[in-house]
Amino acid sequence: TLVINGWAWSAAIFACNVEEERYSERVYTIKEGETLELQCLVTGHPRPQIRWTKTAGGASDRESSLHNETLRIQNINRHQGGRYYCKAENGLGSPAIRSIRVDVYYLDDPVITIHQSVGEAKEQFYFERTVFLRCVANSNPPVHYTWRRGREVLSQGSDSGVEIYEPFFTQGETKILKLKNLRPQDYADYTCFSSVRNVCGIEDKSAHFTLSNRTAPPSVKLLLDDPLVVNAGETITLVCVASGGDPHPSLKWMRPDGQQLPRRSVVKGGTLTVPAVAIDDGGVYSCVGSNNVGNPAKKTTTILVRGLRKGRFWITPDPYHNDDNIQIGREVKISCQVEATPPEELQFSWLKNGRPLRSSERMVITHTDTDVSPGTTNLDIIDLKFTDFGTYTCVASLRNGGTPEISIDVNISSTTVPPELTVPRGRSHLIAQEGDTVDLQCLVSGKPKPIILWSRVEESGVAAAATALMPDGSVQTESYDGILRISNVTREMSGTYRCQTSQYNGFNVKPREALIQLVVQFPPAVEPEHTEIRQALGRAFSLTCRLLRAHPARLLRYEWKLGTRLLTVGQFSDQRDDTNYHVRALNREGYGEYTCDITNEAGAGRCTFLVTGKANPPEFYYDTYSALWQSRPRVYGFKLQWTQMEPNAVDRILAYRLGIRQMGQSRWWEQEIPMEGTIQKGELLTYNLTELIKPESYLVRLTPITRYGEGDSTERIITYSGRLPRFLSFNPRTRAGTQTLPPLYLTSDPDSCFCDLSGFYMYIETSRPRLEDDTARLLSPTFNSKSSSVSNNPTYCFAFYYHMYGKHIGETLNVFLRQKGQAVTDTLVWSLTGNQGDRWRQAKVKIHPTTAFQMVIEGVRGSGIEGDIAIDDVAIEEGECKDPPPNNLRSLAPPSSPHIWQHCITLILALIGQQR
């Protein structure tokens, strides 16, 4: 566990999980594939909420309100390493933030690659003099490499024909074995061992390569045409074979830029089969051969899937006259455009009224270059005549067939006119309410009718560029009927919309456009939407409902109700944006749900106030020092502490109802804890739970009670950690001049109180360098007598066993009651001096603390070294002391078991030495 200013980090224990300081930062190491657990143990009251975040990309970015939140990452990988932050906040002061860096350790299999010096390359690759064997392994921490030739370990200087080095630019990432002046013995089996020195239990790994006079880099060839032109729907097979290389190369098909192979494709060795090829499957395909010798070999081919797409046309009036209409005696041009694959196969033909049309002096047909895509053909009609009116058809096809043609009809007549856009009467300013479906419509006239493009206009002006996004997230939306339908309209969709003509499938003239204003009305937005108000009887208070926004924002009305009972109504003025309701003195009938409805034409917004006299929930205190203690082998105790949230908001808290249930069971035990006087804000209240059975966990519920009734409960789980300090188990010792005190065993009866089966005790050391009157003290934890008491001055019984025996037993054993009022006072409540015999005896002392207190046990050394004082089994119980047992050995039955809610005390094992 790593503790930083009250914070703690803990992690699952594995072989390599080590937390350490590196360069002034906390680093936690873990092996890849294991489970990471980081626990943020946070102090603070009220209990803070915890949020985990990670820098440099996120294995984790989550938030939780669980206490002591544990971040758990199963099967952690190397990319999930990094700095993790735990942030805690409880609304008081600044958030607390701590971080730790997680270092993930791993070791990949090494890879051996073979290279030769470029300057020495000749026809035969490995008949040359210098060969490089490179070993590479990804790892964290840095890898350590070892080379072997056969069974011989190679090292720098061990062989004059061998050099071993790390390239400067890859320090620690690779190891190169250089074979100079290649000799016959260099044709051998080579092994590269990679190691991270067994850190995290990561075993060493190795790679092997056999170097021979046949070793050669890969070469591949494709058994297909390039490019490969196919029709859509056909099955294609790409065959790649290794034409050289030793070892035999492996083959792999891939597409550029990380594109995936077609889903339907099947790869078997160097053969790639794509059934029912589609147009989108066209493109570049590469076959890569690799055998870790030299550089991989690569051959590329292009697949062209024949097809035609996106046929469009437009009409251009005489460009030499400033007129958008077609006129007799002037020029008119019809353009037709199609995307084709392959583009060089694209061919166009023209028809007039279904008959072939050839280029002439007045009917000029031109085509763009086949290298330009998409392909375009133009028909220029010079000196338009009445006889030229008719239907012109542009036919696009591929030269070798195999794919459907695209035909586009364009009518040229006296009715062929440019488009005009208008908005239906009364539809240029639309009002809708949120959630409606609204249709924006532009009427387009003219022949042919073009595609309508819809866009939004920025609020800065109708002439602004249309950069705002459409409701579907696009910049522009096409419409063939001139209607833009918006479903489930929201207030963000209010604004100006533009419709305009496209040049496609219409006239190539200046676009016509029109504007439509859309206003979306919405009900008032108010705050608070829902809030709870805690109030005591007889107090005055006010409720305020604020208007945030509304459309329309005029003629707003408000209406206050308590339940169904109308309280008041009114209308907002232009100067007000809130409305208030005042209660002069709260009575029982005034508790309930108050509502304020603010309305406009679109609806209403509601503020809801729940006025209640219920007390707020208590807030458990999680930072209690030594909250758990072990009183007997089979039971344990727990100091429950809490504060009351806003205790003065409601009537005085009279008591708490305490409920406790063993986890896994359904039965609750309940008890009331009376409260005397007024609880102050921040006051720490305490109640000690005893007789909890090990190792069971318990669910504890605490409910405040006022004259209004029960308040809000809060719950927490008490868990036996199994790591309790042995407050009542003391370690025996033997030394010269003093006999060992016999261990005193109590009965193992589960109902007995304060069993100590370990036989340990605490004693004062009297040998040198101790002197006469030297003093040792044991201090108990601090107890709040008010927390578990009904009366002002409760009675407690303080009990312990003591052993005082020896030749020089002039020692004194004292017990003090230390009270912590305005001043700290120590009152002697019990004292004993001298030899009491070779036996254990029990003492019981009745005390009456009036404030928070501690018990102090003091031992004072006598005149000699042959004599000690020992104590054991210290306890405190609420109530009068029962009759003490006989003063014999403690093998007799101990006192009866205390009630489950009685207090137990445990000693702090802090020995304070001082001289008088």
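I will try to describe carefully the structure that is included in this document. (Residues numbered from 1 in each chain as written. Predicted model: local features only at pLDDT ≥ 70, side-chain atom pairs only at ≥ 80, totals over all residues. Heavy atoms only, no water.)

**Section: the overall build of the protein chain**
So, step 1. Within the protein chain, the regular secondary structure consists of zero helices and 69 strands.
So, step 2. Across the protein chain, every contact between residues at least 6 apart in sequence was considered, and the portion connecting residues at least 24 apart equals 70%. (Helix = DSSP H or I, 4+ residues; strand = E, 2+ residues; numbered from the N terminus. Contact = heavy atoms within 4.5 Å.)

**Focus on the sheet that holds strand S18 (residues 189-195)**
So, step 1. Strand order in the open sheet made by the four strands is S15-S14-S18-S19, with antiparallel pairing throughout. Edge strands, defined here as strands with exactly one partner in the open sheet, are strand S15 (152-154) and strand S19 (205-210). Adjacent strand axes in the sheet meet at a mean angle of 25 degrees, parallel and antiparallel pairs treated alike.
So, step 2. Bridging between strand S14 (residues 144-149) and S18 involves six bridges; their strand directions are antiparallel. Paired with Thr 146 across the strands is Phe 193, a residue of S18. (Pairing = 2+ DSSP bridges. Axes fitted to C-alpha atoms, helices over the stretch in contact; angles between N-to-C directions.)

**Topic: the nonpolar core**
So, step 1. Counting 29 residues, the largest nonpolar core has Leu 308, Ile 315, Trp 350, Leu 379, Tyr 392 and Ile 412 as its most contacted members.
So, step 2. Contributing elements (two or more residues each) for this core: strand S27 (297-317), strand S28 (332-341), strand S29 (346-352), strand S31 (363-367), strand S32 (375-381), strand S33 (390-398) and strand S34 (406-412).
So, step 3. Ranked by residue count, the leading element in this core is S28, at five residues.
So, step 4. Once you skip the residues sitting within four places of it in the chain, Leu 379 turns out to touch Val 332, Lys 333, Ile 334, Trp 350, Leu 357, Met 363, Val 364, Ile 365 and Tyr 392.
So, step 5. The next biggest cluster of nonpolar side chains, apart from the first, holds 27 residues, and it includes Leu 107, Ala 137, Tyr 145 and Leu 211. (Core = buried A, V, L, I, M, F, W, Y, C linked by side-chain atoms within 4.5 Å. Buried < 20%, exposed > 50% of the residue type's maximum accessible area, 1.4 Å probe, protein only.)

**Overview of the state of the cysteines**
So, step 1. Scanning all chains against the criterion turns up seven disulfides.
So, step 2. Residue Cys 40 pairs covalently with Cys 86 via a disulfide, S to S 2.2 Å. Torsion about the S-S bond of the Cys 40 and Cys 86 cystine: about -105 degrees, corresponding to left-handed handedness. Of this pair, Cys 40 sits in the loop between strand S5 (36-39) and strand S6 (49-54) while Cys 86 is found in strand S9 (residues 82-89), placing the two residues 46 residues apart along the sequence. (Disulfide = S-S within 2.5 Å.)

**Here's the deal with the pattern of salt bridges**
Between side chains of opposite charge, a pair can form as their charged atoms come close.
So, step 1. The tally for this structure, following the rule as stated, stands at 40 salt bridges.
So, step 2. Residue Asp 578 pairs with Arg 576 through a salt bridge whose shortest N-O separation is 2.6 Å.
So, step 3. In this structure Asp 578 comes out as buried when scored by relative accessible area, which is 19%.
So, step 4. The partly exposed category is assigned to Arg 576, whose relative accessible area is 41%.
So, step 5. The residue Arg 818 makes a salt bridge to Asp 826 at a minimum N-O spacing of 2.8 Å.
So, step 6. Arg 818 sits in the buried class, given a relative accessible area of 17%. (Salt bridge = Lys/Arg side-chain N within 4 Å of Asp/Glu carboxyl O.)

**Digging into the environment of Gly 682**
So, step 1. Within the secondary structure, Gly 682 sits in the loop between strand S56 (669-674) and strand S57 (685-693).
So, step 2. Classification of Gly 682 by relative accessible area gives exposed; the value is 54%.
So, step 3. In the structure, Gly 682 is positioned 637 residues away from His 45 in sequence and 9.3 Å away in space, judged by C-alpha atoms.

**With respect to the packing of aromatic side chains**
So, step 1. Under the definition given, this model contains 14 aromatic pairs.
So, step 2. Ring centres of Phe 800 and Trp 830 lie 5.2 Å apart, and the angle between their planes is 90 degrees; this geometry places the pair in the edge-to-face category. With Phe 800 in strand S63 (residues 796-805) and Trp 830 in strand S65 (residues 824-833), this pair connects stretches of sequence that are 30 residues apart. Here Phe 800 and Trp 830 have matching classes, each one buried.
So, step 3. Aromatic ring contacts, followed pair by pair, group Trp 560, Tyr 581, Tyr 594 and Phe 609 into a single cluster.
So, step 4. One cation-aromatic arrangement involves Arg 701 over Trp 668; the distance from NZ or CZ to the ring centre is 3.8 Å. (Phe/Tyr/Trp six-rings, centres within 6.5 Å; stacked < 30°, edge-to-face > 60°. Lys NZ or Arg CZ within 6 Å of the ring centre and 35° of its normal.)

**Topic: the side chain of Thr 624**
So, step 1. In this structure, Thr 624 sits in the loop between strand S52 (618-620) and strand S53 (628-632).
So, step 2. Within the structure, the side chain of Thr 624 is placed 2.6 Å from the side chain of Gln 641, a separation counted as a polar contact.
So, step 3. Sequence-distant contacts of Thr 624, that is, excluding residues within four places in its chain, are made with Lys 639 and Gln 641. (Polar contact = N/O pair within 3.5 Å; in protein donor to acceptor, adjacent residues only side chain to side chain.)

**Focus on unusual backbone geometry**
So, step 1. Omega for the peptide link from Asp 226 to Pro 227 comes to -5 degrees, which places this bond in the cis form.
So, step 2. With phi around 60 degrees, Asn 505 is a residue other than glycine that occupies positive phi space.
So, step 3. As for its position among the elements, Asn 505 is in the loop between strand S42 (495-501) and strand S43 (506-507).

**Some details on the environment of Leu 562**
So, step 1. Mapped onto the elements of the fold, Leu 562 is located in strand S47 (residues 557-562).
So, step 2. By relative accessible area, which is 10% here, Leu 562 ends up buried.
So, step 3. When the C-alpha positions of Leu 562 and Phe 609 are compared, they lie 9.4 Å apart, and in sequence the two are 47 residues distant.
So, step 4. Residue contacts for Leu 562: discarding those within four places in its chain leaves Leu 567, Glu 589, Gly 590, Tyr 591, Gly 592, Glu 593 and Tyr 594.

**Focus: the sheet that holds strand S61 (residues 762-763)**
So, step 1. What the four strands build is an open sheet, ordered S61-S68-S63-S66; its pairing is antiparallel. At either margin of the open sheet sits one strand with a lone partner, and together these are S61 and strand S66 (841-847).
So, step 2. Note that S63 and strand S68 (residues 868-878) share nine bridges and pair antiparallel. Its bridge partner lying in S68, Tyr 805 is registered against Asp 868.

**Topic: empty space enclosed by the protein**
So, step 1. All chains considered together, the criterion is met by five cavities of 30 Å³ or more.
So, step 2. Its volume calculated, the largest cavity comes out at about 110 Å³.
So, step 3. Lining the largest cavity are 13 residues; nearest its centre among them are Ile 764, Leu 778, Ile 857, Gly 859 and Ile 871.
So, step 4. Mapped onto the lining of the largest cavity, the elements with two or more residues apiece are S61, strand S62 (774-779), strand S67 (853-860) and S68.
So, step 5. Taken together, the residues of the lining of the largest cavity break down into 10 nonpolar, one polar and two charged. (1 Å grid on protein atoms, 1.4 Å probe; cavity = no way out; pocket = protein on both sides within 12 Å on 5 of 7 lines; lining within 4 Å. Points joined across faces, edges and corners; volume = space filled by probe spheres on them. Nonpolar A, V, L, I, M, F, W, Y, C, P; charged D, E, K, R; others polar.)

**Re the side chain of Ser 195**
So, step 1. By secondary structure assignment, the location of Ser 195 is in strand S18.
So, step 2. Engagement of the side chain of Ser 195 in a polar contact is seen with the backbone nitrogen of Arg 197, the distance being 2.8 Å.
So, step 3. Here Ser 195 is in contact with Leu 107, Pro 142, Val 143, His 144 and Asp 204, once residues within four sequence places are set aside.

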